[in-house]
Structure formats: C-alpha cells, structure tokens
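Single-letter residue listing:
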Amino acid sequence: MTAASVRSVAGGVSGAVVIVPLVAAHLEQVLEIEERTATTAWSRAIFERELAEHASRCYLAAVQPALRRPVVVGYGGMQLQVDEAHVTTLTVDGWARRRGIGSRLLVELLREARARGAASATLEVRTDNAAARALYASFGFRPVGIRPRYYDGRDDALIMWAHDVGGADFGRLLRARADRGARPRDHHVGGA
C-alpha cells in the first residue's frame, strides 16, 4: 500500500482518523498499545522483521493527525502466501474502540489482499473474544476449527476463514463496510 492510497476513516475520536502504511516511526506508539492490550505483546524486533517483508506482508496504522505528532490509535497486519491472506494482528487502543476503526483497518487489509490476488483469508481469534468474533463474522469469516492453547500456552484460538475474497460479492461487502465505516460500531476489538 502506498501513501497515495491513504483513505479516510472514522471521525469522532477527537478528530479524523486515517489509515496509512505502518512505518518504523509508528513503532513506539504501536508497542505502547501492544503493552496495554496484548497478553503477549509482539516485540520491536518482530514488527521490524514483518515491516521488512514488503512483498508478502501489509501493515497499516490508524492514525489521528495531530499538530506535533500523529497519534496511532490502532493497527493491523497480514501475511500473504500464494492466494491466501492471513490476518496476523488487528488491534485498536482501548480508549478508541467502538468507533469503527477496527472495521476500517480490516476493510483496507482485505482490499489489499484482493489487490494482491488473495482468494481466501484466515485469522485466529481468542475463543472468548465475542466482539472480535462478531466483527470477523460480519466480514464473512466463518469458524473452522480450534487451535488449543494458541495464546500464551493457555487460551484457545478460533480459526476463521473467509472464502472467495477475490469475488464480486466480497467486493460489494467491503464497499458496504467502508461506506458504513465512519459510524461508531458496537464491536470491541482488542488483540486478534
């Protein structure tokens, strides 16, 4: 995703929020959000490795422009392998949740997946994260299995898949979700 393809997101988080490619300059704030929201936070080294893999990765930040320093309010990422997209992370800072930011990040990740030829998409989500599961279901992701003790060797992950991501129906779904993206959501998405 290039800077030229930046799209507007939700308003109402004390100003507009835009989706931009996640870059090294965002990492300090991303790591702070990781510490607040994830039970096992990714390290700077993990993010740096992921950001270096341009051909097979896409990482986005939801940023609230500010006078001195833009504020990162959320981020998401995916890995692409052949014709499959794997959403690896989707997180919105606690104070910025329920405003459609997670939905907008997911729209943009899935648009990028389609642009890169993905036919399907997958992700893992904590089995007890009902709000995130509902968000993903609203994008056509369906549960297909469980990864026992996936998170921290304790918590199970629900494996979800969306098929025909490259199809016309999925494109219409993304357009509809993007059109609704400026309105607050009832979903509460933490770490995926």
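Within any chain, residue numbers begin from 1 and follow the written order of that chain's sequence. A pLDDT threshold of at least 70 governs which residues receive local features in this predicted model, and a stricter bar of 80 or more applies before side-chain atom pairs are shown or counted, although totals over entire chains, interfaces and linings include all residues. No hydrogens and no water enter the side-chain calculation; it runs on all heavy atoms of the structure.

Digging into the overall build of the protein
In plain terms, the rule: Each helix is a run of DSSP H or I of at least 4 residues and each strand a run of E of at least 2, with the numbering of both proceeding from the N terminus. Classification of residues uses two cut-offs on accessible area relative to the type maximum, computed with a 1.4 Å probe and protein chains only: under 20% is buried, over 50% is exposed, and between them is partly exposed. Only heavy atoms matter for contacts: two residues are in contact if any of them lie within 4.5 Å across the pair.
Assigned secondary structure in the protein consists of five helices and eight strands. If you list the helices and strands of the protein from N to C, you get β-β-α-α-β-β-β-α-β-α-β-β-α. Counting the 192 residues in the protein, one finds 47% classified as buried. Of all intrachain contacts in the protein linking residues separated by at least 6 positions in sequence, the fraction that spans at least 24 positions is 64%.

What to know about the pattern of salt bridges
The line we're drawing: The working definition used for a salt bridge is a side-chain nitrogen of Lys or Arg within 4 Å of a carboxyl oxygen of Asp or Glu.
In total, this model carries eleven salt bridges according to the counting rule given. Note that Arg154 and Asp152 form a salt bridge whose closest N and O atoms lie 3.7 Å from each other. You can call Asp152 partly exposed: its relative accessible area is 29%. Shared partners join several salt bridges into a network, and the residues in it are Arg126, Asp152, Arg154 and Asp155.

What to know about the packing of aromatic side chains
Using the following cut-off: Stacked, tilted and edge-to-face are the three classes applied to pairs of Phe, Tyr and Trp rings, where Trp contributes its six-membered ring and a pair requires centres within 6.5 Å; stacked means planes under 30 degrees apart, edge-to-face means over 60, and tilted covers the rest. In our convention, an over-ring charge means Lys NZ or Arg CZ found within 6 Å of a ring centre and within 35 degrees of that ring's normal.
Applying the stated rule across the entire model yields five aromatic pairs. Considering the side-chain rings of Tyr150 and Tyr151, the 5.0 Å spacing of their centres and the 90° angle between planes classify their relative orientation as edge-to-face. Of the aromatic side chains, those joined through ring pairs into one cluster are Trp42, Phe47, Tyr59 and Tyr75. The aromatic ring of Tyr151 is capped on one face by Arg126, whose charged end is 4.2 Å from the ring centroid.

Description of helix α3 (residues 101-115)
As a reminder, the rule being used: Multiplying 1.5 Å by the helix residue count minus one yields the expected span of that helix.
Compared with the 21 Å implied by 1.5 Å per residue over 15 residues, the 21 Å span of α3 between its first and last C-alpha is a close match. Counting buried positions along α3 gives twelve out of 15 residues, so the element sits mostly inside the fold. Burial in α3 covers these residues: Ile101, Gly102, Ser103, Arg104, Leu105, Leu106, Val107, Glu108, Leu109, Leu110, Glu112 and Ala113. Two residues or fewer past α3, Gly117 is found with a positive phi of approximately 90°.

Some points on the packing of α3 against helix α5 (residues 168-180)
Spelled out, the test is: Fitted lines through C-alpha atoms give the axes, limited to the stretch in contact for helices. The angle between two N-to-C directions lies from 0 to 180 degrees. The cut-offs work like this: below 35 degrees is roughly parallel, past 145 is roughly antiparallel, 65 to 115 is roughly perpendicular, and the gaps in between are oblique. Each crossing gets its handedness from the near helix: less than a right angle anticlockwise from the far helix is left-handed, clockwise is right-handed. Each residue gets one of three labels, nonpolar for Ala, Val, Leu, Ile, Met, Phe, Trp, Tyr, Cys and Pro, charged for Asp, Glu, Lys and Arg, and polar for the others, Gly among them.
Orientation of α3 relative to α5, taken along the N-to-C sense of each, is 150°, at an axis distance of 10 Å. Here α5 runs roughly antiparallel to α3, going by the angle between their axes. Taken as a pair, α3 and α5 cross one another with a handedness that is left-handed. Residues Ser103, Arg104, Val107, Leu110, Arg111 and Arg114 of α3 touch α5, and the partners they reach there are Phe170, Gly171, Leu174, Arg175, Arg177 and Ala178. Residue classes in the contact of α3 with α5 are distributed as five nonpolar, two polar and five charged.

Some details on the pairing of strand β3 (residues 57-64)
Just so we agree on the cut-off: In this description, strands pair whenever DSSP reports at least two bridges between them.
Among the eight residues of β3, eight are classified as buried, and the element is accordingly described as predominantly covered. Of the two faces of β3, both are covered, the one formed by Arg57, Tyr59, Ala61 and Val63 as well as the one formed by Cys58, Leu60, Ala62 and Gln64. Direction of pairing for strand β2 (residues 18-21) relative to β3: antiparallel, over a ladder of four bridges. Opposite Val20, over in β3, you have Ala61 as the bridge partner. Sheet topology note: the β3/strand β4 (residues 71-81) ladder contains eight bridges and is antiparallel. When the bridges of β4 are listed, Cys58 appears paired with Met78.

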